[in-house]
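# Topology and contacts: notes
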Amino acid sequence: LEWLRINQNQDGSWGTSDKEAMAGLGILTFLAHGETTASEKYGPTVERAIRFLVAKQNEKGEFAKTDTTGGTYSQAICVYAISEAYGMTRIPSLKSVMEKGVQLLIDGQQPKGGYDYKFVKGTRRDTSLGGWCCQAMKAAYIAGAENARLHDAMELAVQDMKSVQKADDGSFYYSGSTGAGGGHATHSITAVAVLSMQLLGHDEDAEVKRGMDFLGDAK
């Protein structure tokens, strides 16, 4: 936390690229330690980072351009951070920022519940990106976002995760069971899928338990 405080950019971000995502991750790091805008030592750091993200959001609700692969990830991370920030601080102005941001995740979801780069609604879906979207939606839901289809989107995301579990060993595919480079199933991707379903209230489902069994062999 001290390193982040010292190395924060003047505009409230961190680093020189993907600054929106880095600001979101920075905010989440402080909040996880219980440091909010009211904290004596780190409050100003958190406030600057939140102000940076709020200023970045456009009328569409984007924190970064979602027509790029990185921007899609950034959107999910920023929604996650703003949702946690609103939930912990109850700063009134953050509620609308949160709801505009999470609406893009709801609207960008594929009919079967998955997510792809640039929120493309094609045949490809992505467990890694989906994991960030699941965390963001759950954070917004807990914080009190009133988006009409938020809960339905969370449930649909669970069904998407379940659809890419391997029948033989309980692991989960990265993007799908077939396709160039997309059919690999690893411990890290399985962890993303399992965590996503746990966060969305499905920790007792058979798919989660089988995924946990697979993770037990991780080295």
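Every value quoted in this text rests on a predicted model; they were computed, and no experiment measured them.

## Comments concerning the layout of surface pockets
Summary: where empty space remains is shown by rolling a probe the size of a single water molecule over the atoms. Approximately 210 Å³ is the volume attributed to the largest pocket. Taken together, 14 residues make up the lining of the largest pocket; nearest its centre are Gln110, Lys112, Thr123, Arg125 and Asp160. For the lining of the largest pocket, the residue count by class is two nonpolar, eight polar and four charged. Space inside the second largest pocket adds up to approximately 160 Å³. Of all elements in the fold, only helix H3 (43–56) and helix H5 (93–108) reach the threshold of two or more residues within the lining of the second largest pocket. In terms of residue count, H3 provides more of the lining of the second largest pocket than any other element does, four residues in total. Here the lining of the second largest pocket is composed, by residue class, of five nonpolar, two polar and two charged.

## With respect to the packing of aromatic side chains
Evaluated as defined, the whole model comprises five aromatic pairs. The interplanar angle of 25° and the centroid separation of 6.3 Å between the aromatic rings of Trp14 and Phe30 together place this pair among those described as stacked. Placement of Trp14 in the loop between helix H1 (2–6) and helix H2 (19–32) and of Phe30 in helix H2 is noted, with a sequence separation of 16 residues between them. Overall, Trp14 belongs to the buried group, its relative accessible area being 6%.

What counts and what doesn't
- Residues numbered from 1 in each chain as written.
- Predicted model: local features only at pLDDT ≥ 70, side-chain atom pairs only at ≥ 80, totals over all residues.
- Heavy atoms only, no water.
- 1 Å grid on protein atoms, 1.4 Å probe; cavity = no way out; pocket = protein on both sides within 12 Å on 5 of 7 lines; lining within 4 Å.
- Points joined across faces, edges and corners; volume = space filled by probe spheres on them.
- Nonpolar A, V, L, I, M, F, W, Y, C, P; charged D, E, K, R; others polar.
- Helix = DSSP H or I, 4+ residues; strand = E, 2+ residues; numbered from the N terminus.
- Phe/Tyr/Trp six-rings, centres within 6.5 Å; stacked < 30°, edge-to-face > 60°.
- Buried < 20%, exposed > 50% of the residue type's maximum accessible area, 1.4 Å probe, protein only.

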